[in-house]
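An overview of the molecular structure
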Amino acid sequence: MANFSRMSPWRRLIRFKTPEGKIEYGEPINIDASGALAPLPELRARLISGDPFDPLNSVVSTKEVAVSKLLSPVNPPIVLGIGLNYLRHLREFSNSSEPKHPVMFMKPSNSVIGTNENIVVPPIAENQTDYEAELAVVIGRHYKTGALCKNLPQTLDGVQEGSLQDPLAYVAGYTIANDVTARSWQKAIPQWGFSKSFDTYCPIGPQIVSARHLQPSPLAISLKLTSNNSTPELMQSSSTSDMIFNVSKIVAFLSQGTTLMPGTVIITGTPEGVGMGRIPPRWLNHGDEVEVEIEGIGKLTNQVVWESKIQNN
């Protein structure tokens, strides 16, 4: 494991509301042996002052506060997505060759929600909305110098760990995402952005685990669906080791000509088992519960509601 002893002052990061309604960043205190957060209202955190994604200008205080509501652990300036990045997922639909470069799309910040918030499906997407379990990378400033992430070398052979050329030195930590997608619109429009950018279509959470305490591969990744209080059904089960482009290559590629600002979220692709690939297809329905779990990070849980059914009630 990389010895990023100065990478961040926190090991685990949450963003939350206090009982007084203030939005804060903090390090959760009461977690279990696996790192899972205590349930509300027992969960408490130590407040973080400064920018949590700038390790040279943030401090975990000794002040403890109660957590009344978990929010997305980051309010990103942008979400950058990578498609077709798991080999078995690529083979799920075709015998296409592996892409030469990461396949990139974007999701706006207004698509981001936290754990236990509703995925609200608009009427134009009720027929074919799908799930995608993903490991999410959260960008920070360089852990030694505070430099911003831009123009990293594309050939990483010989790059010294922790140097200004090391992509992982700009990774603040890892969290979980669900890249919710309206497949009918993904098929209708060659650019994927519209199909993936609806409000609430990017759940992220429940916490960020520091890159100095978690390696991105291999990590077990899974997704379960529950309908009408039935037994949860395992839909996706894989490992991040099946990625075609690893985190270092993705960060280096995306940094070309573009500053990856602190707080930027990169979702790194989904494994096989998506609803579109099943026979018959399994789309997200009103009342479903989606649970994404990644080893060492925890579980991201969201309910699915159809906007038309809310309006009619």
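Overview of the structure. Counting starts from 1 at the beginning of each chain's written sequence and moves along it residue by residue. Two thresholds apply to this predicted model, a pLDDT of at least 70 for residue-level local features and 80 or more for giving and counting side-chain atom pairs, whereas whole-chain, interface and lining totals are computed over all residues. Heavy atoms throughout the structure, all of them, feed into the side-chain values; hydrogens and water do not.

Residue P41 is reached from L40 by a cis peptide bond, and omega for that bond is 10°. With respect to the helices, strands and loops of the structure, P41 is situated in the loop between β2 (23-28) and β3 (44-50). Between I279 and P280 the backbone carries a cis peptide bond, its omega angle lying at -5°. Here a helix means four or more residues in a row that DSSP labels H or I, a strand means two or more in a row labelled E, and each is numbered from the N terminus. Within the secondary structure, P280 is located in the loop between β17 (265-267) and β18 (289-294). Of note, the phi angle at L84 is positive, near 50°, even though the residue is not glycine.

If you trace the backbone, T129 turns up in strand β10 (residues 129-130). Within 3.5 Å is the distance limit for a polar contact, defined as a pair of N or O atoms, with the added protein rule that one can donate a hydrogen and the other accept it, and that residues adjacent in sequence qualify only through two side-chain atoms. Engagement of the side chain of T129 in a polar contact is seen with the side chain of Y201, the distance being 2.8 Å. Contacts are assigned to residue pairs that have any heavy atoms within 4.5 Å of one another. Dropping the residues within four chain positions of it, T129 is found in contact with V121, V180, T181, A182, Y201, W283 and L284.

Note on terminology: a disulfide is the covalent bond linking the sulfur atoms of two cysteines. Cysteine sulfur atoms are paired as a disulfide whenever they come within 2.5 Å of each other. Evaluation of the coordinates by the stated rule reveals 0 disulfides. For C149, which is in no disulfide, the shortest distance to another cysteine sulfur is to C202 and amounts to 19 Å. What makes C202 buried here is its relative accessible area of 0%. A simple rule labels every residue: compare its accessible area, found with a 1.4 Å probe on the protein chains alone, to the largest value its type can have, and call it buried under 20%, exposed over 50%, or partly exposed in between.

Counting residues in hydrophobic clusters, the biggest one holds 50 residues, and the most contacted among them are Y174, V251 and I266. No other element matches helix α4 (residues 247-254), which puts 5 residues into this core. Setting aside residues no more than four positions away along its own chain, Y174 makes contact with L135, A136, V137, L168, Q207, I208, V209, A211, L214, P216, V247 and I297. V79, F105, I204 and V265 belong to the second-largest nonpolar core, a separate cluster that totals 18 residues. For the purposes of this section, nonpolar cores are sets of buried Ala, Val, Leu, Ile, Met, Phe, Trp, Tyr and Cys residues that join through side-chain atoms within 4.5 Å.

Attention shifts here to the pairing of strand β14 (residues 202-210). Taking burial as the measure, the 9 residues of β14 include 9 buried ones, the bulk of the element. As paired strands, strand β1 (residues 12-17) and β14 are joined by 2 bridges and run antiparallel to one another. Within β14, the position partnered with R12 by the bridge is V209. Pairing between strands is defined by DSSP: at least two bridges between the two strands are required. The sheet contact formed by strand β8 (residues 112-113) and β14 spans 2 bridges and is parallel. If you follow I113 over to β14, its bridge partner there is P203. Examined bridge by bridge, strand β12 (residues 171-178) and β14 share 4 bridges and lie antiparallel to one another. Considered in β14, the bridge of G173 is made with S210.

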